[in-house]
Amino acid sequence: MQTNFSLAQLADADVAESEKILRNCVHCGFCTATCPTFVLLGDELDSPRGRIYLIKDMLEGGRPASDKVVKHVDRCLSCLSCMTTCPSGVNYMHLVDHARTHIERTYKRPAFDRAVRAMLAAVMPYPRRFRALLQLAKPGKMFAGLMPGRLRAMLALAPSTPLSRPLATGRIVWPAEGERRKRVILMQGCVQQVLAGRINDATVRLLTRLGCEVIVADGSGCCGALTHHLGREHEAHAAVKANVDAWTAEIAAAESDGGIDAVVVNASGCGTTVKDYGFMLRSVGAYADRAVAISALTRDISEFLAEFDDLPFTDVPLDRVTYHSACSLQHGQKVIAAPKDLLRAAGFDVSEPAESHLCCGSAGTYNMMQPDIASRLRDRKADNISRTRPDMVATGNIGCMMQLQDTVDAPVVHTVELLDWATGGPAPGGLDGR
Ligand code: SF4
Ligand code: SF4
C-alpha cells in the first residue's frame, strides 16, 4: 500500500512503525473472510482492510480521530484472526494499538463513555478494587434487564458464583515437590485472581508436582492489557514497567542458583501482551532491553507444560472435552496444538467446534463496551460448541470462560485445571463428584 507521510511525521517512532505496517498491506482482502465483525456486519469498514484504510487516512492526515474512525476501530475485537489469515505479514495488532492511542489522545467521547472507560481502567487491574465492585454489583444483577445496554452487559457479567480471595501481596514462593527441576515466575494477573482463583491454584499444584519452584514476584500485577486496549498508553506502560522491574529483580536474584526458566502466564490475553513488552517499551531507554528479555522468557502455561515429556497422568474418566481456542492463544501467540495435545495425552476425548478461528466476543472489555456484537458472537460460538456435545469445555483464557459459562450447557474450565486433575489434583469446579 502506498503511503504519504511527511518526513516530519516519520520522525515519530510510532508513526514510522505504522507506516511500515501499512506498506505491507496489498489490499488483497483475504483477511475479511475471517474477521468476526465483517462476518456479522458485512460492512467493509468493519473488516481489517477497511479499518486499515481508516487508520491510514487518520494518521496520514495527522488529524484528530473522527466519529467514523472511532466507531469502526471500537468495533474491532483485537482478536487478531486477520493476522493469522494475512499472507503479507501485516502486523494489524501494532497498527490498531497505535490507532487506539491516537483516538484516546485526540477524540472526546461522550461523558458516559468516558466515565465507563475511566472506571474500568481504575478498577479492573486492581484485584481488591475489582472484588469490591463485584460485591456491590451482585445485588444489582437481578435488575440487569431493566438497565440500558452497557450497564446491563456489565451487571450480567458479574458472576453469581462466589468470588475468590486475591493472592496475598508481596513475594510468594511455592517450593517444588521433591528435587527442584525448574524455577518459574508466575504472572498472578488481576481479574482472573478474583473471578477464578482456582486457576492459579491448579497451576501452582501442577507445576510444583512437576518439580518446579513457583514464584510470584513482589511488585508484579496486571499485565497492562486492559488499559492498553483502552488506548491509555501511560497507564499501560506503568503496569508493564512495574512487572519488568519486579521480574528482572527475580531473574537477577536467581542468577547464581540455576536462574529462572520461564515467566509462566495462564491467561492467554495477558500472555499475548507480556510477549509484546519488548515492542511496547522499545523506545523507553532504561527498559527496552529488559522488556525484550522478559518477552523472550514468557510462556503460556500450555507451552511450558509441553516441554515436559513425563507428565504423571493418572486415570481420568474419558470425558468429551471441547477445546475452545482463545483468540489470544491461537492468533496472538500461535499456540495451537499444545493444549489439545496435552489434553489428549491426559486421556480426554478432545474435539473442536466449527468456526474455531472466530472470537467468542469476550475480548477483554469488549463484551461490556460492545454488548450487541459480543452477545451475537457468544451465541454463535456457544451454538457451535453445543453441537460437539461436550461433557466439558476447556479453554486457556479467563475472558472466554466468563463469556461462555452461562451460555454453554457444560462446565467451562481452564485447560490447566483438567491437566491438574489428570495428574492427581482435585476435579475442577462443576465436575466435582466424578
Ligand atoms: S482483530 Fe479481529 S475484529 Fe479486528 S479487524 Fe482483525 S479479525 Fe477483525
Ligand atoms: S490480508 Fe493482509 S494484505 Fe490482504 S488486505 Fe488484509 S491485511 Fe492487507
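**Student:** Would you mind going over the site of ligand 2 with me for this structure?
**Tutor:** Close to ligand 2 lie 13 residues, the nearest being Cys25, Cys28, Gly29, Cys31 and Cys86. Here the shell around ligand 2 is built from residues that sort into nine nonpolar, three polar and one charged.

**Student:** Got a minute to help me understand the pattern of salt bridges in this structure?
**Tutor:** Opposite charge on two side chains allows them to pair when their charged atoms are near. Applying the stated criterion across every chain, the model contains 30 salt bridges. The closest approach of N and O atoms between Arg380 and Glu355, which form a salt bridge, is 2.8 Å. With a gap of 25 residues between them, Arg380 in helix 22 (residues 371–386) and Glu355 in the loop between strand 7 (349–351) and helix 21 (366–369) connect regions that are remote in the sequence. Judged by relative accessible area, which is 29%, Glu355 ranks as partly exposed. In the salt-bridge network here, residues are joined through shared partners; they are Glu104, Arg117, Arg232 and Glu235.

**Student:** Honestly, the site of ligand 1 in this entry has me stumped. Any pointers?
**Tutor:** Lining the immediate surroundings of ligand 1 are Cys35, Pro36, Pro48, Arg51, Cys76, Leu77, Ser78, Cys79, Leu80, Ser81, Cys82 and Tyr92. Sorting the residues of the shell around ligand 1 by element identifies helix 4 (48–61) and helix 6 (81–85) as the ones contributing at least two each.

**Student:** Honestly, the sheet that holds strand 7 in this entry has me stumped. Any pointers?
**Tutor:** Hydrogen bonding along the main chain pairs the strands of a sheet, whether they run parallel or antiparallel. Spatial ordering of the open sheet is given by 7-6-8-9, a layout of four strands whose pairing is parallel. Each edge of the open sheet carries a strand with a single partner, namely strand 7 and strand 9 (412–414). Sheet twist, expressed as the mean angle between neighbouring strand axes with direction ignored, is 35°. Note that strand 6 (residues 320–323) and strand 7 share three bridges and pair parallel. Looking at strand 7, one finds that Arg320 is bridged to Asp349. Contacts from helix 20 (residues 337–345) reach strand 6, strand 7 and strand 8 (392–395), with the element oriented near 175° to strand 6.

**Student:** Explain helix 7 (residues 92–106) to me, please; I cannot follow it from the model alone.
**Tutor:** Residues three or four positions apart in an α-helix share a direction because the helix packs 3.6 residues into each turn. Here helix 7 spans 21 Å end to end across 15 residues, near enough to the 21 Å set by a 1.5 Å rise per residue. With respect to burial, helix 7 is a largely interior element, twelve of its 15 residues being buried. Of the positions making up helix 7, those classed as buried are Tyr92, Met93, His94, Leu95, Val96, Asp97, His98, Ala99, Arg100, Thr101, His102 and Ile103.

What counts and how
- Residues numbered from 1 in each chain as written.
- Chains lettered and ligands numbered in written order.
- Predicted model: local features only at pLDDT ≥ 70, side-chain atom pairs only at ≥ 80, totals over all residues.
- Heavy atoms only, no water.
- Near = heavy atom within 4 Å.
- Nonpolar A, V, L, I, M, F, W, Y, C, P; charged D, E, K, R; others polar.
- Salt bridge = Lys/Arg side-chain N within 4 Å of Asp/Glu carboxyl O.
- Helix = DSSP H or I, 4+ residues; strand = E, 2+ residues; numbered from the N terminus.
- Buried < 20%, exposed > 50% of the residue type's maximum accessible area, 1.4 Å probe, protein only.
- Pairing = 2+ DSSP bridges.
- Axes fitted to C-alpha atoms, helices over the stretch in contact; angles between N-to-C directions.
- Contact = heavy atoms within 4.5 Å.
- Expected span 1.5 Å × (residues − 1).

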